[in-house]
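Now for the letters of each chain:
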Amino acid sequence: MTRYLTRRLAHAALLLLAVSVFSFALLQLAPGDFFAPLKLNPQISARTVEGLRAQYGLDRPWPVRYGHWLRGVFHGDLGPSFAYNSPVAPLLAVRARNTLLLTGTAMLWAWLIAIPLGIVSAVRRGKWSDRAGGVVTSALLTIPDLVLFLAILLLAVRSGWFPTGGMVSTAFGELSGRGRAMDIAYHLFLPALALAIATLPALVRHIRSAMIEVLQAPFIRAARAHGISEYRVLLRYALPVAANPLISLFGFSVATMLSASLLVEVILSWPGIGPLLLEAILAKDVYVVLGTVMLSSVFLVLGNLVADLLLFAVDPRIRMES
Amino acid sequence: MGRTHIWAKCAALGLAVACLGAPTKARAGQASDDRMVLEGVPGHAGGRLVVALRSEPKTLNPVLAVDEPSREVIRCLSADLIHINRASLKTEPALAKSWNVSRDGRQYTLQLRRGLRFSDGAPFDADDVVFSFQVYLDEKIDSTQRDLLVVGGKPITVVKVDQYTVRFEMAQPYAAAGRLFDGVAILPRHLLEASYKGGGFSEAWNLSMAANQFAGLGPFRLKEYVPGQQVTLERNPYYWKADRAGNPLPYLGEVMFLFVPSEDAQVIRFQAGDTDALSRFSSENFAVLQKQQGTKGYHLDDLGPGLEYNFLFFNLNDLGAKNLPEIAKKQSWFQDLRFRQAVSAAIDRDGIVRLVYGGRATAIWDQVTPGNKLWVDDKIAHPKRSVERARELLQSAGYSWKNGALVDPRGKAVEFSILTSASNAQRTKIATIIQDDLSQLGITVQVVPLDFHAMVDRLQSSYNYEAAVMGLVSGDADPTSEMNVWLSNGETHLWHPNQAKPATPWESEMDGLMEKQLVTLDYAKRKQLYDRVQEIVAEELPVICLVSPNILVGAANRVGNFRPAILVPYALWNIDQLYVQ
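Keep in mind that this is a model prediction, so the values were computed, not measured.

### Side note on the overall build of chain B
Here is step 1: Regarding its fold elements, chain B presents 16 helices and 27 strands.
Here is step 2: The C-alpha radius of gyration of chain B comes to 25 Å, within 12% of the 25 Å expected for a compact globule of 581 residues.
Here is step 3: Considered along the principal axes of its C-alpha atoms, chain B spans approximately 85 × 60 × 45 Å.
Here is step 4: Taking all 581 residues of chain B together, the buried fraction comes to 59%.
Here is step 5: When contacts within chain B are restricted to residue pairs at least 6 apart in sequence, long-range pairs at least 24 apart make up 68% of them.
Here is step 6: Accessible surface computed for chain B: about 22,000 Å², of which carbon and sulfur atoms make up 51%.
Here is step 7: The average position of the 63 basic charges and that of the 66 acidic charges among the side chains of chain B differ by 3 Å.

In structure tokens:
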């Protein structure tokens, strides 16, 4: 177990290092830096712009800056934000919390809906309810996330039932503790729903096919032949075996969830890392971009690590290999 | 001997009236005789105004702020010595209740209001002013405001005369000196001196500070900042203005800035009634909002052209040292005045107004828009679009047509590309219309939308471009804010920046005119000088001015005293007078 864990952690660290080098290099390849637009301001002199660049070390070559940044990371310093005149880490912390709240809720919903749906359509394979489900999931799969999110925004605007953005209402400060929780839940509903719908169809289809495969296995027939109830066969015998590919799927779904959440956050003004990242990319606030990319990579790596550990726990074959 | 500013006299008169009217309403700790009294409808006290910001403020430090959202918030939190009234576009007293200018125009002596307090209750006096300017002018801080305070190559100097008098001295007379003070927020020495001396100033007053570390002289003070969501300001009980009934200003109990990352989302939030005021939005959104203007509780205003001018310009840089032979060859066209005149004549400015801005813009032929009533030159001709005239001009310059395509005197087909910023949809559309207009002259134009940073790099560093469509927004209605654009050694003399000596006779003339207007104190004489600059721009076409978008604003009907203006901040400049019903 320890050996397995160390090997996985070493992989993760290497991956993160590679991501950081590539992101940093790519950010430097694009011409112009954060302070370039100031050059077009008639009221700001070139000397001042150069002074600002020097203050943030932008006059040094990028490998030097990368080394400096990397050294900082080991001391918990993710570099400065040029725009915010402040370290990147605290900027990310609050927003990452909001993003986790959103993606966590959406992930929970998506799985809670997908597992029963997937099982039901596997059991009723070929029947009309399975086919209808197939049509709906393929339709949802073909709709681009952007269109889906805009449609949901349109629903909010037209109906007036839901807030059109933000995480709390303007009167949040005057609410009681319970009222505040309700207010956040009210604002959370639409973005989380959008995100859950976006990831749901792929999950349902994977669960369905995994279950179908297992249900055809000889041991299931044997179980049925022993007169064990269908309900028990499904949940006690089939599901744990089908769990294997689903756990790997969980690791991947963290990645899709994170990239979709960036879009949802921007469209529905959810104060997560999405709007921060978008603004930082447009403004070339490089350390903010880098910090956000690294944070997303860490989430991704952690998601996969958790999935691997779960697999390790449930699948004896993996235990044998290591 | 000096001359007192007329605005100071008016204010003094107003103050006297206020004292007679309601002496009992003066707040404790504030000398009522030095309060400034504002005209306008007395409003209701209390309530909250909610507005959206395109992105978060990055800092609340007035010395370091460079982006508009930060400045928008800082303007509500701070005050300057002399202020530009956004309605009249003229200077008026602010923290300085009056000022004298020495005969030679180099010395400004400012009388500060007495008994004022910062929003934390600490008293304000000349030491705070001297400290503030020391920080702004510190070379190590690299404040972008510093450049405005450098006159004739030397930073202005500040001397404390007594507790409520300060004297500013400039290296040369400076016509718009009063306007320099606008937006230079006075800092509380008692809160910032330690971090300034201790070297931590670059992170002072960033958004992670506690609200009680912050204080200013503005109508509001910081209440709470929620990262990614909003910043809330509360009424400053020590504010130094009152209405004509003697009620202390501001009326509003709170101002809340929500962070809404896109224009469309802002429009939606405004439409839904979540926010109370809206500015900086496109004519398309204006049209959308207009449809529901009657049924929902808001109204919209089209203020006419602002101070932004959009233009096309060609690369006239000296490319000798750069390895850009293709562009250098094309410069023989760009440098030919008749070529530029032909391009200008062939562009359908009214078409741009109609197609890009849905009619909510104004065609222009020089850099001063009709919105800038103090400085616009009415004598500038506004020729209609004429492809025939363009053809005549090109013919007279030796150009001809081969199979409908324009060829230059050496037989080379005329073809060039126009850079625009991909993030600005309007300017990309303008470039596309120019492409179409010029195709009627047989000129092939490619439109190249680029990332803004990449575009700046090409315009300002590598000079690797042929033509570009850009816009500038004058920081102020006064021509001094445009010095760097029109001086040939200016860094934003876009078509050919940083010239060692003027490349053309007309640039040399323009240099002389701009330098002279800077030191001339008489408005009428300055106007004559700047009129001539506008004439040169219209005649020589270093930039082909095209269009100035109208300033569009909206406000909820419940907002009282709403008087939007064409100078930033368009909607909230009189936030100390706004109230909600």
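### Concerning the environment of V123 of chain A
All names here are of chain A.
Here is step 1: Structurally, V123 is set in helix α4 (residues 88-123).
Here is step 2: As for V123 and G291, which are separated by 168 residues in sequence, their C-alpha atoms are 45 Å apart.
Here is step 3: Discounting chain neighbours no more than four positions away, the residues touching V123 are L215 and L234.

### Topic: the domain arrangement of chain B
Residue and element names in this part refer to chain B.
Here is step 1: According to the domain assignment, chain B contains domain 1 (27-304 + 558-580) and domain 2 (308-476 + 543-550).
Here is step 2: With centres defined by C-alpha atoms, the gap from domain 1 to domain 2 works out at 37 Å.
Here is step 3: In this assembly, 14 residues from domain 1 lie in contact with 14 residues from domain 2.
Here is step 4: When domain 1 packs against domain 2, close to 990 Å² is buried across both sides, 47% of that on carbon and sulfur atoms.
Here is step 5: Together, S283, D302 and G304 form the three largest contributors to the area buried by domain 1 at its contact with domain 2, with a combined 36%.
Here is step 6: At the junction of domain 1 and domain 2, the tally comes to three salt bridges.
Here is step 7: There are five residue pairs in polar contact (both at pLDDT 80 or more) connecting domain 1 and domain 2.
Here is step 8: Of all elements in the fold, only α7 (283-291) and β17 (298-305) reach the threshold of two or more residues within the side of domain 1 that touches domain 2.

### Some words on the side chain of E254 of chain B
Here is step 1: In this fold, E254 of chain B is placed in strand β15 (residues 254-259).
Here is step 2: Once residues lying within four places of it in the same chain are set aside, the contact partners of E254 of chain B are G47, R48, L49, K223, T232, L233 and E234 of chain B.

### A few points about the nonpolar core
Residue and element names in this part refer to chain B.
Here is step 1: One finds L81, F168, L312 and F339 to be the most contacted residues of the largest nonpolar core, which totals 174 residues.
Here is step 2: Broken down by element, this core gets its largest block of residues, nine residues, from strand β25 (residues 543-556).
Here is step 3: Viewed by domain, this core spans two of them, domain 1 (27-304 + 558-580) and domain 2 (308-476 + 543-550), each represented by three or more residues.
Here is step 4: Discounting residues that sit within four places of it in the chain, F339 has contacts with F314, W333, F334, L394, Y399, V414, F416 and I443.

### Quick word on the environment of E415 of chain B
All names here are of chain B.
Here is step 1: Looking at the element boundaries, E415 is found in strand β22 (residues 415-421).
Here is step 2: Apart from the residues within four sequence positions on either side, E415 is in contact with K330, W333, T444, Q446 and E466.
Here is step 3: Of note is the side chain of E415, whose polar atom sits 3.5 Å from the side chain of Q446.

### So, the pairing of strand β12 (residues 220-226) of chain B
The two faces of the sheet receive side chains in turn, since in a regular strand these alternate between them.
Residues and elements named next belong to chain B.
Here is step 1: Direction of pairing for β12 relative to strand β13 (residues 230-235): antiparallel, over a ladder of six bridges. Within β13, the position partnered with Y225 by the bridge is V231.
Here is step 2: Linking two consecutive strands that pair antiparallel, namely β12 and β13, is a turn of three residues; a positive phi of about 80° is found at G228 within it.

### Some details on unusual backbone geometry
Most peptide bonds take the trans form, and the phi angle of most residues other than glycine is negative.
Residue and element names in this part refer to chain B.
Here is step 1: Cis geometry marks the peptide bond from L249 to P250; its omega dihedral reads -5°.
Here is step 2: Tracing the backbone shows P250 in the loop between β14 (241-243) and β15.
Here is step 3: The amide bond that connects V568 to the next residue, P569, takes the cis arrangement and shows omega of -10°.
Here is step 4: Backbone geometry places D142, a non-glycine residue, at a positive phi of 55°.
Here is step 5: With respect to the helices and strands, D142 occurs in the loop between α3 (126-137) and β8 (150-151).
Here is step 6: Using a relative accessible area of 8% as the deciding quantity, one classes D142 as buried.
Here is step 7: Positive phi outside glycine occurs at N498, with the angle close to 55°.
Here is step 8: On the secondary structure map, N498 appears in the loop between α14 (483-486) and α15 (505-519).
Here is step 9: Accessibility expressed as a relative area gives 44% for N498, which makes it partly exposed.

### Some words on the interface of chain A and chain B
Here is step 1: Between chain A and chain B, the contact holds 46 residues from the first and 53 residues from the second.
Here is step 2: Here chain A meets chain B over a buried area of about 4,000 Å², counting both sides, of which 56% is carbon and sulfur.
Here is step 3: The largest share of the area that chain A buries against chain B comes from L40, P42 and Q43 of chain A, three residues that together contribute 18% of it.
Here is step 4: If you look at where chain A meets chain B, you find four salt bridges.
Here is step 5: A salt bridge links K58 of chain B to E279 of chain A, with the shortest nitrogen-to-oxygen separation between them at 2.7 Å.
Here is step 6: Our count for the contact surface shared by chain A and chain B stands at eleven residue pairs in polar contact (both at pLDDT 80 or more).
Here is step 7: Every element with two or more residues in the side of chain A that touches chain B is listed here: α2 (46-55), β2 (86-87), α4, α6 (145-159) and α10 (273-283) of chain A.
Here is step 8: With six residues, α2 of chain A is the largest single contributor of residues to the side of chain A that touches chain B.
Here is step 9: Grouping the amino acids of the side of chain A that touches chain B by side-chain chemistry returns 24 nonpolar, 15 polar and seven charged.

Rules used in this analysis
- Position numbers for residues start from 1 in each chain and track the written sequence from start to end.
- As a convention, the first chain written is A and the first ligand written is 1, with the rest following in written order.
- Owing to the predicted nature of the model, reporting of local features is limited to residues with pLDDT of at least 70; listing and counting of side-chain atom pairs is limited to 80 or more, with chain, interface and lining totals taken over all residues.
- Computation of side-chain values: all heavy atoms of the structure, hydrogens and water removed.
- Going along the chain from the N terminus, every DSSP run of H or I of four or more residues is numbered as a helix, and every run of E of two or more is numbered as a strand.
- This radius of gyration counts C-alpha atoms alone. The globule rule is 2.2 Å times how many residues there are, raised to the power 0.38.
- Three exposure classes are used, based on accessible area relative to the maximum for each residue type with a 1.4 Å probe and protein chains only: buried under 20%, partly exposed in between, and exposed over 50%.
- Every residue pair with non-hydrogen atoms within 4.5 Å of one another is taken to be in contact.
- Values of accessible area rely on a 1.4 Å probe in the Shrake-Rupley scheme; residue burial ignores everything except the protein chains shown.
- Positive residues here are Lys and Arg, negative ones are Asp and Glu, while His and the chain termini are left out of the count.
- The atom standing in for a charge is NZ when the residue is Lys, CZ when it is Arg, CG when it is Asp and CD when it is Glu.
- Domains are outlined according to an automatic or database domain assignment.
- The term buried area means the drop in 1.4 Å probe accessible area that two parts suffer when joined, counted for both and summed.
- Each reported salt bridge corresponds to a side-chain nitrogen of Lys or Arg within 4 Å of a carboxyl oxygen of Asp or Glu.
- Any pair of N or O atoms that falls within 3.5 Å is considered a polar contact. Within protein, one atom must be able to donate a hydrogen and the other to accept it, and sequence-neighbouring residues count only if both atoms are side-chain atoms.
- Here, nonpolar core refers to any group of buried Ala, Val, Leu, Ile, Met, Phe, Trp, Tyr and Cys residues whose side-chain atoms link them within 4.5 Å.
- In short, DSSP must find at least two bridges between two strands for them to pair.
- Following the grouping adopted for this structure description, the nonpolar residues are Ala, Val, Leu, Ile, Met, Phe, Trp, Tyr, Cys and Pro, the charged ones are Asp, Glu, Lys and Arg, and the polar ones are all others, Gly among them.

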